[in-house]
Amino acid sequence: MVPLISTSEGPAPTEVPLLPDGMNPILRHADDWRLPRKETRIDVVARCGVQPDPIYEWPALVLADAEPLPRALAPWTASAFERIPPQFPITRFTALAWFEDDAHANLKRVADSLTASLGPTSIGRRWNTVVAAWRSGLAEVSLTAWPPSWQSHGLQNPSEDREPRLKTACHVTLTTGFRLALGEKERDWVRGFQPLAIDGDVGTARMARAGRLAPGETELEYVRDPEDLVEDRQRMLGLSAGGEALIVVSDQLFVIPRTEILHLRVVRMTPAKSGGGSSLHAHCRTRAPGADDQSVFLAQHGDPDGMTSLGQYLGELLGCPAEVSPYYSDC
């Protein structure tokens, strides 16, 4: 049985070692559940189509061929968000399980069922949710439930009106951690990249060390496996030695050929309810059907004009336009 504990920020995911055969145990679960983690999104859409989610009714990939969880409310699903580039495998799968009208009990039942293969984990409170998770490498299984007594009163959720069990169901998310390996040319770019000295911070304040977290599905076009090549260059921004690519080391390693960068944009925020500041973004080509470009967060500064000079200078180095926004109120 998994013990229920109380923590202020919620427990960290339990780290799970590789299996004796070298297989990632969470990816083994994905395969046992017949989740199509090795197929491209294009192929899955061609086979399954985009359908209304059985619970939420928004567009989704409904994976009826996957093995359902015990007491599942619906088949496994994946996002059909049109800003996700379709040429990569699906990296995030979700499901719902319900045993009884008790959010804690439902999450605990799912956690207990995974303990035999992934080992014990901790269950605790995070904000208005009860959570538990396992992680192996970049792959993760996370469990979340929303106890009704912890929620604000008066909120309306049409999905819960249609399916009352949703109020106490356990939400299960499996993230595969897929990202592309560096190509030979990209590896040379990263090995020899020249960081720029900047006044500000690369990435955002919440960003971890590059390569420690799974990338988001909208980021896959320019994220690469860092292969321990940037351990001594965390939170840096620069160009490859010959200027062929922009290299960003933030929560991920981003390798962006200069020919794929459409423009840079500096966003300026004046103090209001929040403190204001500025941020620099690279807008890049994408194959996502619902997006004109993919925006990569490059750097930020606490001053509304702190990123302007860097944006203009980097635009000159890359040979692309650098737009500077009007001042927006940081509300």
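Here's what I pulled together on the structure shown here. Bear in mind the structure is a predicted one, so any value in this text is a computation, not a measurement.

Rules used in this analysis
- What you see as residue numbers is a count from 1 along each chain, following the sequence as written.
- Owing to the predicted nature of the model, reporting of local features is limited to residues with pLDDT of at least 70; listing and counting of side-chain atom pairs is limited to 80 or more, with chain, interface and lining totals taken over all residues.
- Heavy atoms from the whole structure form the basis of all side-chain values; hydrogens and water molecules are not counted.
- For this analysis, a salt bridge means a side-chain nitrogen from Lys or Arg found within 4 Å of a carboxyl oxygen belonging to Asp or Glu.
- Note on classification: 1.4 Å probe, protein chains only; a residue is buried when its accessible area is under 20% of the maximum for its type, exposed when over 50%, partly exposed between these limits.
- The term nonpolar core refers to a set of buried residues drawn from Ala, Val, Leu, Ile, Met, Phe, Trp, Tyr and Cys, joined through side-chain atoms within 4.5 Å.
- Every helix listed is a DSSP run of H or I at least four residues long, and every strand listed is a run of E at least two residues long, numbered separately from the N terminus.
- In what follows, residue pairs with any heavy atoms lying within 4.5 Å of each other are defined as contacts.
- Whether two strands pair depends on DSSP finding at least two bridges between them.
- Under this scheme, a helix contributes an axis fitted over its contacting stretch, all axes are lines through C-alpha atoms, and angles between N-to-C directions fall in the 0 to 180 degree range.
- Angles are sorted into four bins: roughly parallel if under 35 degrees, roughly antiparallel if over 145, roughly perpendicular if 65 to 115, and oblique for all others.
- Helix crossings are classified by the rotation of the near helix relative to the far one: an anticlockwise turn of less than a right angle makes the crossing left-handed, while a clockwise turn makes it right-handed.
- Polar contact is the term for a pair of N or O atoms within 3.5 Å; when the atoms are in protein, one must be able to donate a hydrogen and the other to accept it, and sequence-neighboring residues count only if both atoms are side-chain atoms.

1. Notes on the pattern of salt bridges
- Going through the model one piece at a time under the given rule, you end up with 17 salt bridges.
- When the shortest N-O distance is used, the salt bridge between Glu140 and Arg135 registers 3.0 Å. The exposure classification of Glu140 matches that of Arg135, with both residues buried.
- Residue Arg233 is joined to Asp232 by a salt bridge in which the shortest nitrogen-to-oxygen separation is 3.8 Å.

2. Regarding the nonpolar core
- Ranked by internal contacts, the top residues of the largest apolar core, which has 36 residues, are Leu35, Leu63, Trp76, Trp134 and Leu143.
- Among the elements that make up this core, the one with the highest residue count is helix α3 (residues 103-118) (6 residues).
- The contact partners of Leu143, leaving out residues within four places of it in the chain, are Leu107, Val110, Ala111, Leu114, Val130, Val131, Ala132, Trp134, Cys170, His171 and Val172.
- Counting residues in hydrophobic clusters, the runner-up holds 23 residues, among them Val202, Val223, Leu237 and Leu280.

3. Considering the sheet that holds strand β10 (residues 194-195)
- Read across the sheet, 5 strands follow the order β10-β13-β14-β15-β12 without closing on themselves; strand pairing throughout is antiparallel. Sheet topology places β10 and β12 (223-224) at the edges, where each strand pairs with a single neighbour.
- The pairing of strand β13 (residues 236-239) with strand β14 (residues 245-249) spans 4 bridges and is antiparallel. Note on β14: the bridge partner recorded for Leu237 is Val248.
- On top of the sheet, helix α5 (residues 184-191) reaches β12, β14 and β15 (253-257); it is set at about 110° to β15, its chief contact.
- On the sheet, helix α6 (residues 308-318) packs against β13 and β14 and is oriented at approximately 30° with respect to β13.

4. Topic: the pairing of strand β8 (residues 139-145)
- Burial analysis of β8 places 7 of its 7 residues in the buried class, the great majority of the element.
- Alternating residues of β8 divide into Ala139, Val141, Leu143 and Ala145 and Glu140, Ser142 and Thr144, and every residue in both groups is buried.
- In this structure, strand β7 (residues 129-136) lies alongside β8, joined through 7 bridges in antiparallel fashion. When the sheet's bridge partners are listed, Trp134 is paired in β8 with Val141.
- Between β7 and the antiparallel strand that follows it, β8, lie 2 residues; Gly137 among them carries a positive phi value of about 65°.
- As paired strands, β8 and strand β9 (residues 170-175) are joined by 5 bridges and run antiparallel to one another.

5. Re the packing of helix α1 (residues 25-32) against α3
- At a minimum axis distance of 11 Å, the contact between α1 and α3 shows a crossing angle of 120°. As far as their axial angle goes, α3 and α1 are oblique. For α1 against α3, the interelement crossing comes out right-handed. The residues of α3 that touch α1, namely those facing Pro25, Ile26 and His29, are Leu114, Ser117 and Leu118.

6. Quick notes on the side chain of Thr286
- In this structure, Thr286 sits in the loop between β17 (277-284) and β18 (294-301).
- A distance of 2.7 Å separates polar atoms of two side chains, one belonging to Thr286 and the other to Glu221.
- Within polar-contact distance, the side chain of Thr286 engages the backbone nitrogen of Ala288 at 3.0 Å.
- Each residue touching Thr286, except ones within four places of it in the same chain, is listed here: Glu221, Ala291, Asp292, Asp293 and Gln294.

7. Quick look at the sheet that holds strand β19 (residues 322-330)
- Strand order across the open sheet formed by 5 strands is β11-β18-β17-β16-β19, with mixed pairing between neighbours. Each having just a single partner strand, β11 (201-202) and β19 make up the two edges of the open sheet.
- Pairing between strand β16 (residues 261-271) and β19: 7 bridges, direction parallel. Counted as the bridge partner of Arg265 is Glu323 from β19.

8. Considering the environment of Pro89
- You can see Pro89 is positioned in the loop between β4 (76-79) and β5 (92-97).
- C-alpha of Pro89 to C-alpha of Val44: the two residues are 45 residues apart in sequence and 8.8 Å apart in space.
- If we skip the residues at most four places from it in the chain, Pro89 touches Arg37, Lys38, Glu39, Thr40, Arg41, Phe178 and Leu220.

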